[in-house]
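Structural overview
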Amino acid sequence: MSKKDERWLKEFDVPFIGMKIGVHHFEYTLDDAYFEHYATQDFRNARLTCKVVMEKKPNMLVFGFQVGGKVEVDCDISTEPFDLDISGDWKLVVKFGPVYIDEEDGVMTLPHEEHTINLSQFIYETAVLAVPLQRIHPGVADGTFENDVTRKLAEIKVDKIASGIEPIDEFSSDPRWEKLKDLKNKLN
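Keep in mind the model is a prediction, meaning the values are calculated, not measured. (Residues numbered from 1 in each chain as written. Predicted model: local features only at pLDDT ≥ 70, side-chain atom pairs only at ≥ 80, totals over all residues. Heavy atoms only, no water.)

**Quick look at a negative patch on the surface**
Together, Asp102, Glu104, Asp105 and Glu125 make up a region of like negative charge exposed at the surface. Structurally, Asp105 is set in the loop between strand E6 (101-104) and strand E7 (107-111). Overall, the relative accessible area of 66% leaves Asp105 in the exposed class. (Patch = residues over 30% accessible without salt bridge, like charges linked within 9 Å, V, L, I, M, F, W, Y side chains within 5 Å. Areas by Shrake-Rupley, 256 points an atom, 1.4 Å probe, with all protein chains shown as cover. Salt bridge = Lys/Arg side-chain N within 4 Å of Asp/Glu carboxyl O. Lys, Arg positive; Asp, Glu negative; His and termini not counted. Charge placed at Lys NZ, Arg CZ, Asp CG, Glu CD. Helix = DSSP H or I, 4+ residues; strand = E, 2+ residues; numbered from the N terminus. Buried < 20%, exposed > 50% of the residue type's maximum accessible area, 1.4 Å probe, protein only.)

Structural data, given as structure tokens:
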């Protein structure tokens, strides 16, 4: 690890030993320079803020992470870039024990001798998980956006209708399932 990475990571250290019991607030700005320290993401031009609330209790720490802002993504349909508003939150409970244990999602045990916790990985995961899997340009969603891809998709749809191929209505139900539902209802 380089000296630059070490300095960068220290920004996210929370030295909880010297803090009083109670609630503490932290805020971090997340931009492309922050995300350069991690593997590739499905977004760029990040303009995010992460607010962290830490409640220090006598025998544990409870963290609440809240990430919000804008990132630039590519539309899954048109491939055009657009700014996407994202927001996400996550909770972490930190207990203390003889050894480090990453027990399950949202719970971990730190050794009793630890006096700081670095939040950078938890913030990163909260931000990345806030980006939806499906990213549709607002203009594509409301039908106002046009480019070569959306025009070609419209042509294909028209060609299928003209050739007698019915487009699949995602809300129509399959009659076979309806018969099975009827059978189930009769058995109950």
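**Here's the deal with the pattern of salt bridges**
Here the structure, examined in full by the defined rule, presents five salt bridges. Measuring nitrogen to oxygen at the nearest pair gives 2.5 Å for the salt bridge that ties Arg44 to Asp74. Of the two residues, Arg44 sits in strand E3 (residues 44-56) while Asp74 sits in strand E4 (residues 60-74), which places them 30 residues apart along the sequence. A relative accessible area of 32% means that Arg44 is categorised as partly exposed. Using a relative accessible area of 35% as the deciding quantity, one classes Asp74 as partly exposed.

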